[in-house]
Amino acid sequence: MRPPCKAAAALLCLGSLLLLYLLAGRAPPRPPPSAPPARRQPRLGRSPPRRGPAAAAELAGARKPGEQKHSKELSSLQCMHLAVVACGDRLEETLIMLKSAVLFSNRRLCFHIFAEDSLKPEFEKKLKEWPSSYTKKFEYNIYPITFSVGNAQEWKKLFKPCAAQRLFLPVILKDVDSLLYVDTDVLFLRPIDDIWHILKEFNSTQLAAMAPEHEIPKIGWYSRFARHPYYGTTGVNSGVMLMNLTRIRNTQFKNSLIPSGLTWEEMLYPLYQKYKNYITWGDQDLLNIIFYFNPECLYVFPCQWNYRPDHCMYGSNCKGAEEEGVSILHGNRGVYHDDKQPTFKALYEVIRDFPFEDNLFQSLYYPLQSKFLDTVHTLCGRIPQVFLKQIEKTMKKVYENRVIVYLGANHRY
């Protein structure tokens, strides 16, 4: 049966209006309640998804003011505290170390940079030049070099310039519960998150963690030459030191000075005065003396967390690195800046030269592989898998996380 003319005219008018709305890029009008729901039409001329700071905050799960944070989200936003002491010509080394930390870590970082006054403007200038996609992952404070007890000039000259500052971190950073201290010549080849988890492995008496100075006593420095007490059979290396500062501040330490215990701050200068004619490696020797008398306070982590030239220049002797790869590279002896250990120098230069927002595999991993080909004439260069295994695994995780986040964000549109 043919519809009445008036009904046909009404349908024609409705169709015309619908077409005009679509051409204008507006949503179609809702149909009357009695009519079946119309299929949603695509909006013509729709602008692409936002990619600015507001959109990034939305994708990151930003909350409105007053909106309660979930406990899981809150714990993931807590800082991992990283401290470093930089004096003299250590500006570049320190920046490259911080760069390696930011490249791979997952949780937010809080940097505590102790530096000479002349270096502070340079640190601020360089850190502000980093892209916002990375600067939003950390915050930082720059502190002057200060010593709360004893003679400041003595402390400054104890070993390398200002290195003794690390001994005073529990006293200065009173509001920080736990901290990872590293030397300027350290590079992270995996997230700081992973070594930060070691804090949870401390027993009730442990308050700091370090790696052995050497794996083999007969070729270790302390076991052959030390004239003062030291921890264990080979001593410990203080270039990577994980600390529960709260426990350090609250502990009475056994010592060789008086029968009763002393606090950390009370102990430092008298201990230095007693042993200053016997120590070679400055503050590291003092730490060895402290933990000799207090071995129950120290957690010893394996050598892959503080991998140095000694672990390969006489033949590979770090089993953990052979199995898992190097987690933290410690280029002591100035090996980033000479040609004695080109494998260490290659890693330093590749991370230094990596453009922040480039592809990690294309601009970091593949150049590193290429540089390693020139190091096979050295004992360290003959075991490239030790240096590459962990960093390859880390970059895969970073890449996968970025792809998943990107796809997940686009899926919302």
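As a reminder, the structure under discussion sits directly above these lines.
A short tour of the structure in this document, coming up.

Calculation rules
- Residues numbered from 1 in each chain as written.
- Predicted model: local features only at pLDDT ≥ 70, side-chain atom pairs only at ≥ 80, totals over all residues.
- Heavy atoms only, no water.
- Helix = DSSP H or I, 4+ residues; strand = E, 2+ residues; numbered from the N terminus.
- Buried < 20%, exposed > 50% of the residue type's maximum accessible area, 1.4 Å probe, protein only.
- Contact = heavy atoms within 4.5 Å.
- Areas by Shrake-Rupley, 256 points an atom, 1.4 Å probe, with all protein chains shown as cover.
- Core = buried A, V, L, I, M, F, W, Y, C linked by side-chain atoms within 4.5 Å.
- Polar contact = N/O pair within 3.5 Å; in protein donor to acceptor, adjacent residues only side chain to side chain.
- Pairing = 2+ DSSP bridges.
- Disulfide = S-S within 2.5 Å.
- Expected span 1.5 Å × (residues − 1).
- Arc of directions from axis to C-beta.
- Axes fitted to C-alpha atoms, helices over the stretch in contact; angles between N-to-C directions.
- Phe/Tyr/Trp six-rings, centres within 6.5 Å; stacked < 30°, edge-to-face > 60°.
- Lys NZ or Arg CZ within 6 Å of the ring centre and 35° of its normal.

### Considerations on the overall build of the protein chain
Helix and strand content of the protein chain: 17 helices and nine strands. For the protein chain, with 413 residues in total, the buried portion stands at 46%. Taking the intrachain contacts of the protein chain between residues at least 6 apart in sequence as the baseline, contacts between residues at least 24 apart amount to 71%. For the protein chain, the accessible area works out to roughly 22,000 Å², and carbon and sulfur atoms hold 55% of it.

### A word on the nonpolar core
Among the nonpolar cores identified, the biggest contains 75 residues, and Leu82, Leu180, Phe188, Tyr307, Leu329 and Phe387 are the most heavily contacted of them. In contact with Phe387, other than residues within four places in its own chain, are Leu189, Tyr307, Cys312, Val326, Leu329, Thr343, Phe344, Leu347, Phe372 and Cys380. Of all hydrophobic cores here, the second largest spans 43 residues; its members include Trp155, Met241, Tyr272 and Ile290.

### Considering unusual backbone geometry
With the exception of glycine, the majority of residues adopt a negative phi angle, and the majority of peptide bonds are in the trans configuration. One non-glycine residue with positive phi stands out, namely Arg333, at about 65°. With respect to the helices and strands, Arg333 occurs in the loop between β9 (328-330) and α15 (342-353).

### Describing the side chain of His112
On the secondary structure map, His112 appears in strand β2 (residues 109-115). According to the relative accessible area criterion, His112 is buried, its value standing at 5%. At a separation of 2.9 Å, a polar atom in the side chain of His112 contacts the side chain of His81. A distance of 2.7 Å separates a polar atom in the side chain of His112 from a polar atom in the side chain of Tyr143. Not counting residues within four places of it along the chain, the set of residues in contact with His112 comprises His81, Leu82, Ala83, Val84, Asn141, Tyr143, Leu173, Val176 and Leu179.

### What to know about the pairing of strand β6 (residues 208-212)
Within β6, five of the five residues are buried, which leaves the element mostly enclosed by the surrounding structure. Pairing analysis gives four bridges linking β6 to strand β7 (residues 236-244), with the strands arranged antiparallel. Looking across to β7, one finds that Ala211 is bridged to Asn237. Pairing of β6 with strand β8 (residues 298-300) involves three bridges; the strand directions are parallel.

### Side note on the state of the cysteines
Evaluation of the coordinates by the stated rule reveals four disulfides. Sulfur-sulfur distance for the disulfide between Cys87 and Cys162 comes to 2.2 Å. Its S-S torsion of about -100° marks the bond between Cys87 and Cys162 as left-handed, since a negative value means left-handed. Of this pair, Cys87 sits in the loop between β1 (80-86) and α4 (91-104) while Cys162 sits in the loop between α7 (152-156) and α8 (169-172), and the two are 75 residues apart along the sequence.

### What to know about helix α12 (residues 264-275)
For α12, spanning twelve residues, the distance from its first C-alpha to its last is 16 Å, which sits close to the expected 16 Å at 1.5 Å a residue. Taken together, the buried positions of α12 are occupied by Trp264, Met267, Leu268, Leu271, Tyr272 and Tyr275. Here the buried residues of α12 occupy an arc of 120° about the axis, which is enough to place them on one side. Elements that come into contact with the buried residues of α12 comprise α7, α8, α11 (245-250) and α13 (283-293).

### What about the side chain of His330?
Mapped onto the elements, His330 comes out in strand β9. By relative accessible area, His330 is classed as buried at 2%. A distance of 2.9 Å separates polar atoms of two side chains, one belonging to His330 and the other to Asn306. For His330, the contacting residues outside a window of four places in its chain are Asp183, Asp185, Val186, Asn237, Gly239, Asn306, Tyr307, Arg308, Pro309, Tyr336 and Phe344.

### A few points about the sheet that holds β6
Taken together, the seven strands give an open sheet; going across it, the order is β3-β2-β1-β4-β7-β6-β8, and neighbouring strands pair in mixed fashion. Both outer strands of the open sheet, β3 (138-143) and β8, are each paired with one neighbouring strand and no more. Going across the sheet, the axis of each strand differs from the next one's by a mean of 25°, ignoring polarity. α13 rests against β6, β7 and β8 of the sheet, and its axis sits at about 65° to β7.

### Quick look at the environment of Pro302
Its place among the elements puts Pro302 in the loop between β8 and α14 (319-324). Expressed as a C-alpha distance, the spacing of Pro302 and Ala211, which sit 91 residues apart in the sequence, is 5.8 Å.

### Section: the packing of aromatic side chains
Tallied over the entire structure, the rule returns 23 aromatic pairs. Between the aromatic rings of Phe138 and Tyr140, the centroid separation amounts to 6.5 Å while the plane-to-plane angle is 40°, which identifies the pairing as tilted. On the basis of relative accessibility, which here comes to 5%, the residue Phe138 falls in the buried class. A ring pair is formed by Tyr307 and Phe344, whose centres lie 6.4 Å apart and whose planes are at 15°; its orientation type is stacked. A residue pair is termed long-range when its members are at least 10 positions apart, and Tyr307 in the loop between β8 and α14 and Phe344 in helix α15 qualify at 37 residues. Residue classification places Tyr307 among the buried positions, given a relative accessible area of 0%. Judged by relative accessible area, Phe344 falls into the buried class, the value being 0%. In textbook terms, an aromatic cluster arises when at least three aromatic residues are bridged by ring pairs, as seen for Phe111, Trp130, Tyr134, Phe138, Tyr140 and Phe356. Its guanidinium or amino end placed over the ring of Phe356, Lys99 lies 4.9 Å from that ring's centre, counting from NZ or CZ.

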